[in-house]
Amino acid sequence: MYNIKNIMETLAEQKLDEIIDDLNCCSCEKCRTDIITYALNHLPPKYISTVCGKVFAESEILSDQYGADVITQLVQASNIVRVNPQHDAKVLSEHDM
Ligand SMILES: [Zn+2]
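Everything in this summary refers to the structure shown in the same document. Owing to the predicted nature of the structure, the values given are computational and were not obtained by experimental measurement. Sequence positions are assigned chain by chain, starting from 1 and proceeding in written order. Per-residue local features of the predicted model are confined to residues with pLDDT of at least 70, and side-chain atom pairs are confined, for both listing and counting, to 80 or more; whole-chain, interface and lining totals are unaffected and use all residues. Only hydrogens and water are set aside when side-chain values are computed; all heavy atoms of the structure are taken into account.

### Things to note about the coordination of the zinc ion
Note that water is not among the atoms used; donors are N, O and S atoms within 2.8 Å of the metal (3.2 Å for Na, K and Ca), so sites may look incomplete. Protein ligation of the zinc ion involves Cys26 (SG), Cys28 (SG), Cys31 (SG) and His87 (ND1), the donor distances falling in the range 1.9 to 2.3 Å. Angular criteria define each label, namely tetrahedral for four donors with all angles between 85 and 135 degrees, square planar for four and octahedral for six donors with opposite donors over 155 degrees apart and remaining angles between 65 and 115, and irregular for whatever fails these tests. One can describe the donor arrangement at the zinc ion as tetrahedral, given that its 4 donor atoms subtend angles of 97 to 119 degrees at the metal.

And the structure:
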């Protein structure tokens with residue numbers, strides 16, 4: 001089954017794992033997700049085709065090409081999340097809405 005996927009999403013997750021220890025930022029799931037979300041909103045999406053969820057070799061090339069951009073955005077995002085972490089923010093349940 002063929003699918004499309006934004007490879008930047010995968011890249012952002014991979015790169016964050018690599019640099020999270022150096023970011024001096026909370027690494028809870030909420031903050032990690034916020035960092036990735038911010039970074040992805042500031043990066044152009046790069047869609048690739050996948051088969052059965054597996055990406056083709058071109059993703060390696062994209063990683064080399066865009067890895068530095070991804071890291072730049074992740075570092076910026078971590079600066080924002082560090083100052084203004086959202087992990088205690090109230091999550092609205094359907095009941096509240
Ligand atoms: Zn956190």
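After presenting the structure, the write-up continues.
### Brief notes about the side chain of Asn6
Looking at the secondary structure, you find Asn6 in strand β1 (residues 2-6). Think of it in three bands: residues with accessible area under 20% of the maximum for their type are buried, residues over 50% are exposed, and the middle band is partly exposed, with areas taken using a 1.4 Å probe on protein chains only. Here Asn6 falls in the buried class, since its relative accessible area comes to 13%. A polar atom in the side chain of Asn6 sits 3.1 Å from the backbone nitrogen of Met8. Two N or O atoms count as a polar contact when they lie within 3.5 Å, although within protein this holds only if one can serve as hydrogen donor and the other as acceptor, and sequence-adjacent residues are included solely when both atoms are side-chain atoms. Here the side chain of Asn6 touches Lys46 through a polar contact of 3.1 Å, landing on its backbone nitrogen. Leaving out residues up to four positions away in the same chain, Asn6 has contacts with Pro45, Lys46 and Tyr47. Strands here mean DSSP runs of E at least two residues long; helices mean DSSP runs of H or I at least four residues long; both are numbered from the N terminus. Residue contacts follow a heavy-atom distance rule, with two residues in contact if any of their heavy atoms lie within 4.5 Å.

### Quick notes on the nonpolar core
Of all hydrophobic cores here, the largest spans 21 residues; its most connected members are Met8, Leu16, Ile35, Val70 and Leu74. Contributing elements (two or more residues each) for this core: α1 (7-19), α2 (29-41) and α3 (58-83). Not counting the four nearest positions on each side in its chain, Leu16 is found in contact with Leu23, Arg32, Ile35, Ile36 and Leu74. For the purposes of this section, nonpolar cores are sets of buried Ala, Val, Leu, Ile, Met, Phe, Trp, Tyr and Cys residues that join through side-chain atoms within 4.5 Å.

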